[in-house]
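# Notes for the structure review
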Amino acid sequence: YIKWYLNDRYLFGIKGESLNITGSKIPDEPMYLLMNTAVASSWGFPVPCPDGCDCSCFECNNPDCDCALPTGYCDNFPANFEIDYVRVYQAVDEP
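A brief report on the enclosed structure follows. Since the structure is predicted, the reported quantities are computational estimates derived from the model, not experimental observations.

## Observations regarding the overall build of the protein
Within the protein, the secondary structure is distributed over 0 helices and 2 strands. By the compact-globule yardstick of 12 Å for 95 residues, the protein is too spread out, its C-alpha radius of gyration being 19 Å. Considering only C-alpha atoms, the protein reaches an extent of 55 × 35 × 25 Å along its principal axes. Here the protein displays about 8,800 Å² of accessible surface, and carbon together with sulfur accounts for 53% of that area. Averaged over its 5 positive side-chain charges, the protein has a centre that lies 17 Å from the centre of its 14 negative ones.

## Details of the state of the cysteines
Scanning the model with the defined rule gives 4 disulfides in all. Here Cys49 engages in a disulfide with Cys55; their sulfurs sit 2.0 Å apart. Taking the sign of the S-S torsion, about 90° here, the bridge from Cys49 to Cys55 comes out right-handed. For Cys55, a relative accessible area of 25% puts it in the partly exposed group. Two residues, Cys57 and Cys65, share a disulfide whose sulfurs are 1.4 Å apart. In this structure Cys65 comes out as buried when scored by relative accessible area, which is 0%.

## A closer look at unusual backbone geometry
Of note, the phi angle at Asn7 is positive, near 50°, even though the residue is not glycine. Within the secondary structure, Asn7 is located in the loop between strand S1 (2-6) and strand S2 (9-14). The exposed category is assigned to Asn7, whose relative accessible area is 71%. In this structure, Asp8 takes a positive phi of about 65° despite not being glycine. Looking at where Asp8 falls in the secondary structure, it is placed in the loop between S1 and S2. For Asp8, a relative accessible area of 72% corresponds to the exposed category.

## Here's the deal with the environment of Pro70
Topologically, Pro70 is positioned in the segment after S2. Accessibility expressed as a relative area gives 23% for Pro70, which makes it partly exposed. Taking the C-alpha atoms as reference, Pro70 lies 39 Å from Glu29; in sequence the two are 41 residues apart.

## Digging into the pairing of S1
When S1 meets S2, the two strands line up antiparallel, connected through 5 bridges. Paired with Leu6 across the bridge in S2 is Arg9. Between the antiparallel neighbours S1 and S2 lie 2 residues, among them Asn7 with a positive phi of about 50°.

Rules behind the numbers
- Residues numbered from 1 in each chain as written.
- Predicted model: local features only at pLDDT ≥ 70, side-chain atom pairs only at ≥ 80, totals over all residues.
- Heavy atoms only, no water.
- Helix = DSSP H or I, 4+ residues; strand = E, 2+ residues; numbered from the N terminus.
- Rg over C-alpha atoms; globule rule 2.2 N^0.38 Å.
- Areas by Shrake-Rupley, 256 points an atom, 1.4 Å probe, with all protein chains shown as cover.
- Lys, Arg positive; Asp, Glu negative; His and termini not counted.
- Charge placed at Lys NZ, Arg CZ, Asp CG, Glu CD.
- Disulfide = S-S within 2.5 Å.
- Buried < 20%, exposed > 50% of the residue type's maximum accessible area, 1.4 Å probe, protein only.
- Pairing = 2+ DSSP bridges.

See below:
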């Protein structure tokens, strides 16, 4: 079971068995935790793609891409965030 919290508030969780439909599993070997400002074109972008727009173009400084980006989107970049701390817990009797 993996749970995500932000400022002591539960955001999201996933149980390992819920991945059975994909044939995947939550890894049980040592791993790294990567935190970044990755952005996916499936979050907040125009859907469906506006008529006459090349919605495969996501460059903030390219005027040909303006129609594919949400209003004010490029005002957010460059972006950064500060991580105060990260806690990772493991159940007592689980490897």
